[in-house]
Amino acid sequence: MARVGVFVCFCGANIGDFVDIPAVVEETKKIKDVKYAIEYKYVCSDPGQQMIRDTIVDHRLTSIVVAACSPRMHEKTFRKALSDAGMNPYLLEVANIREHASWVHQKDKEAATEKSCDLIRMAVAKSIANEQLHEISVPVTKRALVIGGGIAGIQAALDIADARIPVTLVEKSPSIGGRMAQLDETFPTLDCSQCILTPRMVDVASHPYIELLPYSEVTELDGYVGNYKAKIKKKASFVNFDTCTGCGTCWQKCPVKVPNEFNMGVDKRKAIYSPFPQAVPNKPVIDAEHCTMLIKGKCGVCAKVCEKGSIDYEMKDEMIEREIGAVVVATGFDLWDPKPYEEYGVGRFKDVITSLEFERMVSANGPTGGVPVRPSDGNVPKNVVFIKCVGSRDEAKGIEYCSKVCCMYTAKHAILLHHKVHDSHAYVFYMDIRAAGKGYEEFVKRAQVETGATYLRGRVSKIYKKGDKLMVIGEDAQIGQVVEVEADMVVLATAIYPYKDNPDLARLLGISYDKYGFLSEAHPKLRPVETAKAGIFLAGCTQAPKDIPDSVAQASATAAKVCALFSGDTMKKDPMIASVNPEFCSGCENCVSVCPYQAIVTEEIPMGHGSEEVRTVSKINEGVCQGCGSCVAICRSMAIDLAGFTDMQIINEIVAI
Amino acid sequence: MIKLGQQIENKFLEAVNNKSGNNVLDCYQCGKCVGTCPVSDFMDYPPREIMQMIKLGLKDETYMANSMWFCLTCAACSGRCPREINIPYVMESIRHLAIEENEYSDSGKVKQIMKFHEIFIDMVKRYGRNYELRMMAEFNIRTRNLFKDMHLAPKALLKGKIPLGVKKVKSTKAIQRMFKMAEKLEKTQ
């Protein structure tokens, strides 16, 4: 025999002014099974909760209905009150008479009152069918997987490892360091990028809690939060890292030259190479696509000159498995390809280069020894035009969003140009100057006032060649006139674009991504580092364009999330999840395809009745299921039910009105 | 079309900066000066555009503008400038540079304004201060517009806004000596 207690909240004036609460309470008392009903000013207050606790004991109630605000606000508060009174917290129902009645029917008190009564009737009917539920305990494997060895991945790995949690750091290229390793100096302080990055890289390599897997890729991820299983492909490097000393004789002698991707193709590297002098690990790998020994079976120079005999042409890709509890994705960004900008002569004019090419040129360890040079004739440029928003904020040719860092790095480039070539002049074409950040506006002022860079407001319309000069035409909107700048070199501030393999990786991990390929966070404001899939976190430009401080901050935030996840030996999980009744399941697998969390798998069970035949049924992984109910709705044989929202409960609600 | 990039140095900017004691590069083109200026509507380039023209080194265009001649040096702009640029000083500097290089607009209004300045200085030289009545008369004679603003005269006279005589300063000779010294200094520079 059910004994339901109903508490109707005024929520001050929020509900009280628009719903006739005493009338609602009177109406509620008439419902069969309601043994107790009362109104109160603020049920969520301490005395309100005390009232619930006392009433449960005094009136031997079997379920509770609170008619108040959205369950998103105070469901937890009231559940706590129930369990404090010795009652199972899942015997609570919340009737939302604020957002669903008083707020939306402020002009019609009668209707709002009537709707409130209906909502309470439904909640009472549902609560009668409520069952006692218990939080699910899931074991946790305390090891984190960090995908990507740029500054975000490095920071996340170090922070997690410092909490004495083992970390596996997977990096696809031969060295960690990522994009930051390619930068010369960093805004707004102009400290040397490599000088601040390389100590961290060395820390990663020497950290007792970090397992560094360079030249590797994650190929599979199974399981659920706290209990993932990752398959990682260690690509064949053809060099035995255990014996190699990184002496460099092999790449000095290698006869094959290939465009150097670390230097954005400005110079050449060899087929056996280490990307840059401070690489971690500082061991070379053989590029199988270009090595003549691996393609044609001829050459073998590197093996001949290697004193340690570390070259092994027979090496194969190796698959390894790791059991992990959480994943941090930090795959970084690519530069947007400016090819559609034909009016800027991209691809036609050699002296129109991208920002990262310029960055490599002015970098002390870069291909030109720190001096910018014109790719066409090798001369040092005097007049350099910088064009911002190339690709960014261009719906026709590029992308809609702002890449966030171009304003700042262009200001930096203007300053660096002046540092490297004293008698030069920088012209910056801009649409807006977005310098939000600590010390950023001051930095832009430094470029404009101290360096004297000429800022011209407008997008460049076209570039044409006149002799060996580039004529850059655009408007200076400040004076409303067309300007033509005679330039030696043009640098395009190309947009930040997500790493091209992001969609594949997202599918592999079971997380979502946006139309560009940026991985999606769970909530844009309140859950910016989590993904919709529990236990997978995002750091750095893989989620959205970011500068270094933001990437590092987000990486540290993921570390805090991972540490919180691993703080106990087991994790508590909401019990409101789906379950399959194998007796009814027909094995159609419709549920498998609709599940947004990949929580449903199939299994084979015996037919029964002594038969040796088996049949396929669905099975829900309770660690992964988030209780969305999609499978319940699609199941045609009604084999799936959702705890806390059973078919019976829903039918009760419908019958009640 | 404005052509940029032929010279690395911006000599015009340097000259204006040196003369005005300001750095025009400080201007970030917010336009607060334009909104503040009581006469920006009469200028062909409002103060913000003049600043940008100096930044771009557009010497000839700047000299040919009427903006600096219309500027009243009321300093409302510099009182509100977020970058603390003394815009009246900049305007004054361009006036000086334009006269030094003998390159300025020959529009009627600019000519009148320059004449006004000349007569004013003449009054100060003579009396040590301005003699309004004579100043007005001379201005009207020299601009060949005898009856300009005449209708305001009776009212202004009655209210005592235009004194009939002038009270010379104690020593006009000292004033004249000062002018001579200033001329000498100008020549030695």
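Residues numbered from 1 in each chain as written. Chains lettered and ligands numbered in written order. Predicted model: local features only at pLDDT ≥ 70, side-chain atom pairs only at ≥ 80, totals over all residues.

**Quick notes on the overall build of chain A**
We count it as follows: Helix and strand assignments come from DSSP, with helices taken as H or I runs of at least 4 residues and strands as E runs of at least 2, each series counted from the N terminus. Three exposure classes are used. Buried residues have 20 or more other C-beta atoms within 10 Å of their own C-beta, exposed residues have 12 or fewer, and partly exposed residues fall in between, all C-beta atoms being placed from the backbone.
Of the regular secondary structure elements, chain A holds 19 helices and 34 strands. Along the first, second and third principal axes, the C-alpha set of chain A runs to 95 × 75 × 40 Å. Of all 657 residues assigned to chain A, the portion counted as buried reaches 47%.

**A closer look at the sheet that holds strand 23 (residues 454–457) of chain A**
Residue and element names in this part refer to chain A. This is how the line gets drawn: A strand pair is defined by DSSP finding two or more bridges across the two strands. Axis definition: a line fitted to C-alpha atoms, over the contacting stretch in the case of helices. Angles run 0 to 180 degrees between N-to-C directions. Throughout, a residue-residue contact means that the two C-beta atoms, derived from backbone geometry, are no farther apart than 7 Å.
Sheet architecture is open: 5 strands sit in the order 20-27-21-22-23, paired in parallel fashion. Taken across any chain shown, the strands that pair with only one partner, and hence form the sheet edges, are strand 20 (352–354) and strand 23. Strand-to-strand, the axes of this sheet are offset by a mean angle of 25°, without reference to chain direction. Most of the contacts of helix 13 (residues 406–420) go to strand 21 (residues 383–390), to which it runs at about 170°, and overall it touches strand 21, strand 22 (425–430) and strand 27 (489–494).

**Considerations on the interface of chain B and chain A**
Here is the rule we go by: When residues are sorted by character, Ala, Val, Leu, Ile, Met, Phe, Trp, Tyr, Cys and Pro go into the nonpolar class, Asp, Glu, Lys and Arg into the charged class, and all the rest, Gly among them, into the polar class.
With 16 residues of chain B at the contact, the number on the chain A side is 19 residues. Elements with a minimum of two residues in the side of chain B that touches chain A: strand 1 (2–4) and helix 3 (47–55) of chain B. Of the residues forming the side of chain B that touches chain A, the biggest block, 4 residues, is contributed by helix 3 of chain B. Considering only residue class, the side of chain B that touches chain A consists of 7 nonpolar, 5 polar and 4 charged. Across 3 bridges, strand 26 (residues 481–487) of chain A lies against strand 1 of chain B in parallel orientation.

**Section: the sheet that holds strand 3 (residues 63–68) of chain A**
Residues and elements named next belong to chain A. Spatially, the 4 strands line up as an open sheet ordered 2-1-3-4, and their pairing is parallel. Looking at strand neighbours, the two that pair on one side only are strand 2 (34–40) and strand 4 (92–96), the edges of this open sheet. Across this sheet, the average inter-strand angle for adjacent strands is 15°, counted without regard to direction. Looking at chain direction, strand 3 and strand 4 are connected through 5 bridges and run parallel. Paired with valine 65 across the two strands is glutamate 93, which belongs to strand 4. Together, strand 1 (4–9), strand 2, strand 3 and strand 4 form the strand contacts of helix 6 (residues 109–128), whose direction differs from that of strand 3 by roughly 155°.

**With respect to the domain arrangement of chain B**
Spelled out, the test is: Here the limits of each domain have been adopted from an automatic or database domain assignment.
The assigned domain composition of chain B is domain 1 (11–100) and domain 2 (108–188). On a C-alpha basis, the centres of domain 1 of chain B and domain 2 of chain B stand 26 Å from each other.

**What to know about the pairing of strand 18 (residues 326–329) of chain A**
Residues and elements named next belong to chain A. Judged by which residues are buried, strand 18 turns out to be covered on both faces: Ala326 and Val328 on one side and Val327 and Val329 on the other are all buried. Here 4 bridges tie strand 6 (residues 144–147) to strand 18, and the two strands are oriented parallel to one another. Paired with valine 146 across the strands is valine 328, a residue of strand 18. Pairing geometry for strand 18 and strand 29 (residues 536–538), over 3 bridges, is parallel. From the neighbouring strand, valine 329 faces strand 29, where its bridge partner is leucine 538.

**Some thoughts on the packing of helix 3 (residues 46–59) of chain A against helix 4 (residues 71–84) of chain A**
Residues and elements named next belong to chain A. Condition: Just so you know how the angles are binned, under 35 degrees is roughly parallel, over 145 roughly antiparallel, 65 to 115 roughly perpendicular, and the rest oblique. Less than a right angle of anticlockwise turn of the near helix away from the far helix marks a crossing as left-handed, whereas a clockwise turn marks it as right-handed.
Helix 4 packs onto helix 3 with a crossing angle of 40° between their chain directions and a minimal axis gap of 9 Å. One way to sum up the angle between helix 3 and helix 4 is to call them oblique. Taken as a pair, helix 3 and helix 4 cross one another with a handedness that is right-handed. Residues Gln49, Ile52 and Arg53 of helix 3 pack against Thr77, Phe78, Ala81 and Asp84 of helix 4. Classifying every residue of the contact of helix 3 with helix 4 gives 3 nonpolar, 2 polar and 2 charged.

**So, helix 8 (residues 193–206) of chain A**
All names here are of chain A. Applicable threshold: One less than the number of residues in a helix, times 1.5 Å, gives the span that helix is expected to have. Picture the helix axis, draw a direction to every C-beta atom, and the arc is the one those directions span.
Helix length check: helix 8, at 14 residues, gives a terminal C-alpha distance of 21 Å against a target of 20 Å (1.5 Å per residue), a fit within 8%. Burial in helix 8 covers these residues: Ser193, Gln194, Leu197, Met201 and Val204. Axial view of helix 8: buried residues confined to an arc of 85°, hence all on one face. Seen from the open side of helix 8, the exposed residues pointing more than 90 degrees away from its buried face are Cys195, Pro199, Val202 and Ser206. Where the residues of helix 8 are buried, they touch helix 7 (151–162), strand 7 (167–170), strand 8 (185–186), strand 9 (191–192) and strand 10 (210–213).

**Things to note about the confidence of the model for chain B**
Spelled out, the test is: Per-residue confidence from the predictor is reported as pLDDT, a score between 0 and 100.
Summing up the model confidence of chain B, the mean pLDDT is 93 and the portion of residues at 70 or higher is 100%. At the level of chain-chain contacts, confidence expressed as ipTM amounts to 0.86, with global pTM at 0.83.

**Thoughts on the domain arrangement of chain A**
How big an interface is tends to be reported as the loss of accessible area on association of its parts. For chain A, the domain assignment lists domain 1 (4–128), domain 2 (141–232 + 317–322 + 532–572), domain 3 (236–313), domain 4 (333–497) and domain 5 (578–656). Domain 1 of chain A and domain 2 of chain A are separated by 47 Å when their C-alpha centres are compared.

**Topic: unusual backbone geometry**
Of all residues except glycine, most have a negative phi; of all peptide bonds, most are trans. Residue and element names in this part refer to chain A. Omega for the peptide link from phenylalanine 187 to proline 188 comes to -5°, which places this bond in the cis form. Inspection of the secondary structure assignment puts proline 188 in the loop between strand 8 and strand 9. Here valine 280 and proline 281 are connected by a cis peptide whose omega angle stands at 0°. By secondary structure assignment, the location of proline 281 is in the loop between strand 15 (272–273) and strand 16 (285–286). The backbone phi angle of lysine 404 is positive, close to 70°, even though this residue is not glycine. Position of lysine 404 relative to the elements: it lies in the loop between strand 21 and helix 13. The partly exposed category is assigned to lysine 404, around which 19 C-beta atoms lie within 10 Å.

**Here we look at the nonpolar core**
Residue and element names in this part refer to chain A. As a reminder, the rule being used: Residues enter a nonpolar core if they are buried, belong to Ala, Val, Leu, Ile, Met, Phe, Trp, Tyr or Cys, and are joined to the set through C-beta atoms within 7 Å.
If you look at the biggest cluster of nonpolar residues, it comprises 91 residues, and the most contacted ones within it are Val385, Phe386, Val428 and Val490. If near-sequence neighbours (up to four positions away) are discounted, valine 490 is found in contact with Asp351, Val352, Val385, Ile387, Ile463, Leu470 and Val472. Core analysis: the second largest hydrophobic core is formed by 61 residues, Leu169, Ile324, Val327 and Leu538 among them.

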